[in-house]
Amino acid sequence: MTIKRILLSLLFISAVTVLWGQARPLVKGMKISRSVTIKKMIYTIPAPADTSKPVILVEGNNIILDFNNAELKGSTGKVEPDRFQGLAVLVRNSKNVTIRNLKARGYKIALRAYNVDKLVLENCDFSYNYRQHLNSTQEKEDVSDWMSYHHNEKDEWLRYGAAIYLRNCDSAVIEHCKVTGGQNALMMMECNDGRVMSNDFSFNSGIGIGMYRSNRNTVNFNRLIFNVRGYSHGVYRRGQDSACILVYEQSNDNSFYYNNVTHGGDGFFLWAGQTTMDSGKGGCNNNIIYGNDFSYAPTNGIEVTFSSNVIKNNRMYECDHGIWGGYSYNTTIERNHFRDNRIGIAIEHGQHNAILSNTFIGDKTAIRLWSNKTQPADWGYAKYRDTRSAVYHISLNSFNNNPVAYDLIRTDSLWVHDNAGDGLILNSIKVDSTITHLDSVYENFTAGSPIAPVEFANYGKAPFEGSGKFRGRKNIMITEWGPYDFQYPLIRNTNPVSTSDTMVFELYGPKGNWSFVSSVGGDFPDTASGFLEPKKDLYDITDMPAAFIFLKDTYPGDDSTTDNTEMVLEFKGDAFTDAFGNKVPAGKPYRVKFQHFFQPIQWEVLFYSLDTAYHNPVKTNMLFSPLERKAPVKTEKVNKLDYAWWGGIKAGEISYRQFLSIAEGKAKIPQGNYELSVTWDDAVRVYLDNKLILDEWKPSRYSFDESPHKKIKLKLGGDHQFRVEHAELGGFAALSLKIKPVE
């Protein structure tokens, strides 16, 4: 090579080195294969719906990528979170990649990585990405909001979106990252030997951290609070398979310690997986759950099923179950603190478990152990495994103010020794003749002090810091977009199922002043002047919440009049971030609307028996066989369609697992724009004024264990006729139809 060519080559290399050493701007379709610092700015770059085409692609080895707090925005305008699409950053087929200081919002998936060894994510903020628009209300659950995480071999979890989604990423480190205002924060598939530490994944509507076929990971010092849906205080507590920590399908030898995991649908949700259910082998075993706070779960503080694990030194306050351990075996439950749960520890069909040195205070039932007489015939697990309830060691526990200390049914071989309790325990033991080989000869139930409550160390800005203000399940307030995060102005109805004309409300949010703007269907009473005038101050808020009442207009009792209650208030005060991540400056007026709308429809519902072995209406597209004449087995007259059936319908003494329903209805509806929403399972057709507007007569379109939901925008006004045809082929069934006005 000539000297001239050598010099030109050196100049080229030098120029490229300088270029990569400078802060570089992001552009759509950019591929990064070496270390670089990104120019700090906001980049609005929408992504295509195809998640195989990311905005930014990272691929290579030994890369340090500092985004310098640059922000990628995928959505523009008023696009709602359930319409976010695309992938912001993809990392693939790489080793030793570090990504720092990245913000990404408005995408279906913020960061996805696969086949990456030693991926490091530091100080990244992936808040306000995709989340579902929830259909449940304060008054009634909608079963379409239930999620299913039972399968993920083909990345089925991605249908729910994710802030971070990792597959086959061993030795990953995720630390000091934040995800809020989304659905799922960190989801890990086939990821081993990683560390998830000191992150804040809170106030999301699905999962905080999820694992599937992931082993030997350490999860510690994280704040994972309010990952929840499916709850209305005092009305229903379902959770709908949301969880702060989800561990599924052959995930073993993981450690979870010193995490703040309160107010989750479940705090910790572990299930062995379909492999175990079919074969009886494997499970999610040898996981250590130590020193966490799993309080205030609508369902279970900890759910561990069909597996063997260690649960030690955790806190479970005010849950439905502190621990639900169905089919757990060789599991140790030790030195945990239970308080004010409906049931402290509940285990069905468990074996060789130890319940040692726990404290129970105020739980209605402290320990419940039992087995059912029979097992489901279609469970492979029951065919290959011994599923008796047997062999328990229960000792050194402290029972305090528990109406029932032990509730034991069909359980064999229990060693119950040296437990302590107050005087109430002497009358709080429920044991029947189905219990065999109960050894309690040394059980004296001596009174004694409870074991000291679990204390959580303060690790700098610990995950537990400041959590006292959220104490109690009452602070779970689910909006149509997920859990309320106490940051923005909110009007909350506190008596949603009351039949009284007096509605009670609370105001939440930052400090500031609230004003009345307008109302429909009622007004605000005021002891001084009768009613508030427009723009009259309601409250100068310094302490939350502040309460007020609203008097509804009196409606005729004929069940045919539209019930529309609406109020608009205006807030002006401290700066805040709204439910969609938008920053509202101090002093800027911000309007908050509350609306309760119910459109009664006068339905007559006819139910018919169905036997798909003889005639399958889904396959023939005909409700009835032309060779038969049928009379309904049941008839109902209702003013709304809002059904959920477990195991079919019952007519008299006869149950029908398969059935048809035909609902004919009529209503007088005020002129306007409306949204008609339908939830169903298995098949449905909806007609409006003899016109087919929804045809969902092919259940095969939906392969997941979920009830579908569809919305239709309509212009309505005056008298309308409705017809709904519904088919249930066996199993869980649902049918719901609602109408609400839209702007």
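Conventions used here
- Residues numbered from 1 in each chain as written.
- Predicted model: local features only at pLDDT ≥ 70, side-chain atom pairs only at ≥ 80, totals over all residues.
- Heavy atoms only, no water.
- Helix = DSSP H or I, 4+ residues; strand = E, 2+ residues; numbered from the N terminus.
- Rg over C-alpha atoms; globule rule 2.2 N^0.38 Å.
- Contact = heavy atoms within 4.5 Å.
- Pairing = 2+ DSSP bridges.
- pLDDT = per-residue confidence, 0-100.
- Patch = residues over 30% accessible without salt bridge, like charges linked within 9 Å, V, L, I, M, F, W, Y side chains within 5 Å.
- Areas by Shrake-Rupley, 256 points an atom, 1.4 Å probe, with all protein chains shown as cover.
- Salt bridge = Lys/Arg side-chain N within 4 Å of Asp/Glu carboxyl O.
- Lys, Arg positive; Asp, Glu negative; His and termini not counted.
- Charge placed at Lys NZ, Arg CZ, Asp CG, Glu CD.
- Buried < 20%, exposed > 50% of the residue type's maximum accessible area, 1.4 Å probe, protein only.
- Disulfide = S-S within 2.5 Å.
- Polar contact = N/O pair within 3.5 Å; in protein donor to acceptor, adjacent residues only side chain to side chain.
- Core = buried A, V, L, I, M, F, W, Y, C linked by side-chain atoms within 4.5 Å.
- Phe/Tyr/Trp six-rings, centres within 6.5 Å; stacked < 30°, edge-to-face > 60°.
- Lys NZ or Arg CZ within 6 Å of the ring centre and 35° of its normal.

## Notes on the overall build of the protein
Assigned secondary structure in the protein consists of 4 helices and 62 strands. Taken against the 2.2 N^0.38 rule, which gives 27 Å for 743 residues, the C-alpha radius of gyration of the protein at 29 Å falls within 12% of a compact globule. Dimensions along the principal axes, computed over C-alpha positions, put the protein at roughly 100 × 75 × 70 Å. A separation threshold of at least 6 residues defines the contact pool for the protein, and within that pool the share at least 24 residues apart is 62%.

## Digging into the sheet that holds strand E36 (residues 420–421)
Spatial strand order, E24-E27-E30-E33-E36: 5 strands in an open sheet with parallel pairing. Two strands lie at the open edges of the sheet, namely strand E24 (315–317) and E36, each paired on one side alone. In the sheet, strand E27 (residues 337–339) pairs with strand E30 (residues 359–361) via 3 bridges, with the strands oriented parallel. Note that in E30 the partner of Phe338 across the bridge is Phe360.

## Structural notes on the side chain of Glu71
As for its position among the elements, Glu71 is in strand E5 (residues 61–73). With sequence-adjacent residues up to four places away left out, Glu71 is seen in contact with Met41, Ile42, Tyr43, Lys103 and Arg105.

## Some remarks on the sheet that holds strand E41 (residues 490–493)
Here we have 4 strands laid out as an open sheet, ordered E41-E42-E48-E44, and antiparallel in their pairing. The two strands at the open ends of the sheet, each matched to only one other strand, are E41 and strand E44 (522–523). Pairing of E41 with strand E42 (residues 502–508) involves 4 bridges; the strand directions are antiparallel. Its bridge partner lying in E42, Arg492 is registered against Glu506.

## Considering the confidence of the model for the protein
Low pLDDT marks stretches whose predicted atomic positions should not be read closely. Put simply, the protein has an average pLDDT of 90, and 90% of its residues get 70 or more. Counting interchain partners and residues more than four positions distant, the pLDDT-below-50 stretch residues 6–20 has 7 contacts. Within the model, the stretch residues 446–451 combines pLDDT values under 50 with 18 contacts to residues more than four positions away or in other chains.

## As for a positive patch on the surface
A cluster of basic residues, Lys40, Lys103, Lys178 and Lys583, forms a positive patch at the surface. Mapping Lys178 onto the fold places it in strand E10 (residues 178–179). Judged by relative accessible area, which is 39%, Lys178 ranks as partly exposed.

## Details of the state of the cysteines
In this structure the tally under the stated criterion is 0 disulfides. Counting only cysteine sulfurs, Cys169 is the nearest neighbor of Cys191, a cysteine outside any disulfide, at a range of 4.9 Å. Classification of Cys191 as buried rests on a relative accessible area of 0%. With no disulfide of its own, Cys284 has Cys191 as its nearest cysteine by sulfur position, at a separation of 14 Å.

## Digging into the side chain of His337
Position of His337 among the secondary structure elements: in strand E27. His337 gets classed as buried once you look at its relative accessible area, which sits at 1%. A distance of 3.0 Å separates the side chain of His337 from the side chain of Tyr317, its partner in a polar contact.

## Focus: unusual backbone geometry
Omega for the peptide link from Asp681 to Asp682 comes to 20°, which places this bond in the cis form. With respect to the helices and strands, the residue Asp682 is situated in the loop between strand E58 (659–681) and strand E59 (683–688). A positive phi angle, close to 55°, is found at Gln240, a residue other than glycine. With a relative accessible area of 1%, Gln240 lands in the buried category. The phi angle at Val391 is positive, at roughly 65°, despite the residue not being glycine. Tracing the backbone through its elements, the reader meets Val391 in strand E32 (residues 389–395). The partly exposed category is assigned to Val391, whose relative accessible area is 25%.

## Describing the nonpolar core
One recurring pattern in soluble globular proteins is that nonpolar side chains are buried together. In this structure, Leu72, Ile99, Phe126, Leu166, Phe201 and Phe268 are the most contacted members of the largest nonpolar core, which totals 83 residues. The biggest single contributor to this core is strand E6 (residues 87–105), with 7 residues. The next biggest cluster of nonpolar side chains, apart from the first, holds 32 residues, and it includes Ala651, Tyr656, Val678 and Val724.

## With respect to the environment of Leu641
As for its placement among the helices and strands, Leu641 is situated in strand E55 (residues 641–646). If we skip the residues at most four places from it in the chain, Leu641 touches Trp603, Val605, Ala663, Val724, Leu735, Ser736 and Leu737.

## Considerations on the packing of aromatic side chains
Enumeration according to the criterion identifies 46 aromatic pairs in this entry. Over the ring of Tyr130 we find Lys108; its NZ or CZ atom is 4.7 Å from the centre of that ring. Above the plane of the ring of Trp697 lies Arg685, whose end atom (NZ or CZ) is 4.0 Å from the centre.

## Remarks on the pattern of salt bridges
Tallied over the full model, the rule gives 34 salt bridges. Note that Arg315 is salt-bridged to Asp293, the shortest N-O span being 3.4 Å. In this pair, Arg315 sits in strand E24 while Asp293 sits in the loop between strand E21 (288–290) and strand E22 (300–305), placing the two residues 22 residues apart along the sequence. Across this residue pair, the class does not change: Arg315 and Asp293 are buried. Salt-bridge contacts for Arg701 lead to Glu696; the nearest nitrogen and oxygen are separated by 3.1 Å.

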